[in-house]
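Geometric and topological summary
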Amino acid sequence: MNDLHRKEVVTCEEMKALETAADKAGLSYYQMMENAGFEAFSTILKHHPQTENALVFCGKGNNGGDGFVVARKLYEAGIQTQVVLVEGEPQADDAKANYQLIQANVQILTADVAIDMQESDLIVDAIYGTGFHGQLRSPADEMITSINHSKAYVAALDIPSGLSGDMEPDEEPGACVKADLTITFHARKPVHCSKTAAKFLGKVVTADIGIGEIINERR
Ligand SMILES: NC(=O)C1=CN([C@@H]2O[C@H](COP(=O)(O)OP(=O)(O)OC[C@H]3O[C@@H](n4cnc5c(N)ncnc54)[C@H](OP(=O)(O)O)[C@@H]3O)[C@@H](O)[C@H]2O)[C@@H](O)CC1
Ligand SMILES: [K+]
């Protein structure tokens with residue numbers, strides 16, 4: 001693992017290696033997701049403290065899992081919160097567990113119903129993170145167009161959906177979420193350093209999710 005955990009920018013593959021190392025050292029994937037969701041929630045409210053109505057768009061992977069954690073925290077903070085399942089129910093284990101935790105209190109919407117975005121003052125983009133590859137497909141592309149037309153403050157978890165985490169510095173981005181705030185986890189990915197992607201990222205905040213500390217402790 002050498003000093004990978006000290007790097008300020010890591011590729012998506014390096015990030016996965018860091019998560020594996022942290023899990024082996026005793027910080028479970030579930031706890032990393034909890035930390036990521038909590039840090040994202042705190043950062044969002046720091047930047048948008050007036051939030052009253054939130055809409056959280058979740059994909060079927062672990063980025064969506066982070067979104068379920070954020071939705072739970074928003075609800076617990078007294079904010080009216082709805083979740084949109086962009087691609088149906090979650091497939092990843094920790095995402096499934098966090099989905100279970102919001103069922104009783106958070107209204108769940110699916111991509112086939114009309115979603116009224118006018119009432120929301122916060123949109124959280126938890127559709128895709130480091131696992132995204134290729135181009136956007138339906139229905140995510142239509143949802144992202146609607147997100148970009150809304151007046152809400154948009155916070156992206158890890159990466160604005162549609163952008164590749166490993167994108168080259170001069171690569172032209174395709175269709176993607178246009179965020180006001182991007183909260184990335186542990187370290188920036190190449191996309192967060194790209195000049196062409198900057199206008200879609202908004203302000204970038206790197207959140208500590210415990211990986212550096214646990215790897216340091218167990219060395
Ligand atoms: N691992 C951890 O412990 C932690 C991870 N964390 C979080 O997890 C995120 C990474 O999660 P992840 O690896 O599950 O990938 P994610 O970005 O959710 O998407 C994968 C899904 O998208 C799909 N898909 C891909 N391209 C597509 C396309 N063009 N069009 C349509 N679908 C497409 C793909 O399907 P597939 O192509 O594989 O069939 C798969 O179902 C990371 O960014 C961070 O937020 C944090 O919680 C910290 C701890
Ligand atoms: K995202």
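Above this text sits the structure in question.
Below you will find a few notes about this structure. Computed from a predicted structure; not experimentally measured. (Residues numbered from 1 in each chain as written. Chains lettered and ligands numbered in written order. Predicted model: local features only at pLDDT ≥ 70, side-chain atom pairs only at ≥ 80, totals over all residues. Heavy atoms only, no water.)

1. Details of the overall build of the protein
- Within the protein, the secondary structure is distributed over seven helices and seven strands.
- The order of helices and strands in the protein, counted from the N terminus, is α-α-β-α-β-α-β-β-α-β-β-α-β-α.
- Computed over C-alpha atoms, the radius of gyration of the protein comes to 16 Å, within 12% of the 17 Å expected from 2.2 N^0.38 for 219 residues, which places it in the range of a compact globule.
- Among the 219 residues that make up the protein, the fraction classed as buried is 52%.
- Restricting the contact set of the protein to residue pairs at least 6 apart, pairs at least 24 apart contribute 76%. (Helix = DSSP H or I, 4+ residues; strand = E, 2+ residues; numbered from the N terminus. Rg over C-alpha atoms; globule rule 2.2 N^0.38 Å. Buried < 20%, exposed > 50% of the residue type's maximum accessible area, 1.4 Å probe, protein only. Contact = heavy atoms within 4.5 Å.)

2. A closer look at the site of ligand 1
- In the neighbourhood of ligand 1, 22 residues make up the surrounding shell, with Y29, D66, G129, Q135 and D158 lying closest.
- Here a nitrogen atom of ligand 1 sits 2.9 Å away from a polar atom, N or O, in the side chain of E19.
- With respect to ligand 1, the backbone of N62 contributes an N or O atom lying 2.9 Å from an oxygen atom.
- Given that more than half its atoms are within 2 Å of the pocket grid, ligand 1 belongs to the largest pocket.
- Of all the secondary-structure elements, those providing two or more residues to the shell around ligand 1 are α1 (12-25), α2 (29-47) and α3 (62-76). (Near = heavy atom within 4 Å. Polar contact = N/O pair within 3.5 Å; in protein donor to acceptor, adjacent residues only side chain to side chain. 1 Å grid on protein atoms, 1.4 Å probe; cavity = no way out; pocket = protein on both sides within 12 Å on 5 of 7 lines; lining within 4 Å. Sits in = over half its atoms within 2 Å of the grid points.)

3. Some remarks on the environment of D166
- With respect to the helices, strands and loops of the structure, D166 is situated in the loop between β5 (153-157) and β6 (181-185).
- As for D166 and T130, which are separated by 36 residues in sequence, their C-alpha atoms are 8.3 Å apart.
- Ignoring any residue separated from it by four or fewer positions in sequence, one finds D166 in contact with T11, C12 and P190.
- A distance of 2.9 Å separates the side chain of D166 from the backbone nitrogen of C12, its partner in a polar contact.

4. Comments concerning the side chain of N35
- Tracing the chain through its elements places N35 in helix α2.
- In this view, N35 contacts L27 and I209; residues no more than four positions away in its chain are not counted.

5. Describing the state of the cysteines
- Considering all chains together, one arrives at zero disulfides under this definition.
- A disulfide-free cysteine, C176 has its sulfur positioned 15 Å from the sulfur of C12, the nearest such atom.
- Among the residues examined, C176 registers a relative accessible area of 4% and is labelled buried.
- Of all cysteine sulfurs, the one in C12 lies closest to C193, which takes part in no disulfide; the gap is 12 Å.
- C193 gets classed as partly exposed once you look at its relative accessible area, which sits at 44%. (Disulfide = S-S within 2.5 Å.)

6. Description of the sheet that holds β5
- Taken in spatial order, the seven strands make up an open sheet running β3-β2-β1-β4-β5-β6-β7, and their pairing is parallel. Looking at the sheet topology across the chains shown, the edges are occupied by β3 (107-110) and β7 (203-207). Direction aside, neighbouring strands of the sheet carry axes that sit 20 degrees apart on average.
- Here β5 pairs with β6 via three bridges, running parallel. The residue bridging L157 from the neighbouring strand is I183, located in β6.
- In this fold α2 packs onto β4 (122-126), β5, β6 and β7, with an angle of close to 155 degrees to the strand it touches most, β6. (Pairing = 2+ DSSP bridges. Axes fitted to C-alpha atoms, helices over the stretch in contact; angles between N-to-C directions.)

7. Section: the nonpolar core
- Formed by 44 residues in total, the largest nonpolar core has its most connected members in L74, V83, I183 and I211.
- Apart from the residues within four sequence positions on either side, L74 is in contact with F41, L45, A54, V56, I79, T81, L122 and V124.
- In this structure, L136, I144, I147 and A152 belong to the second largest nonpolar core, which totals 20 residues. (Core = buried A, V, L, I, M, F, W, Y, C linked by side-chain atoms within 4.5 Å.)

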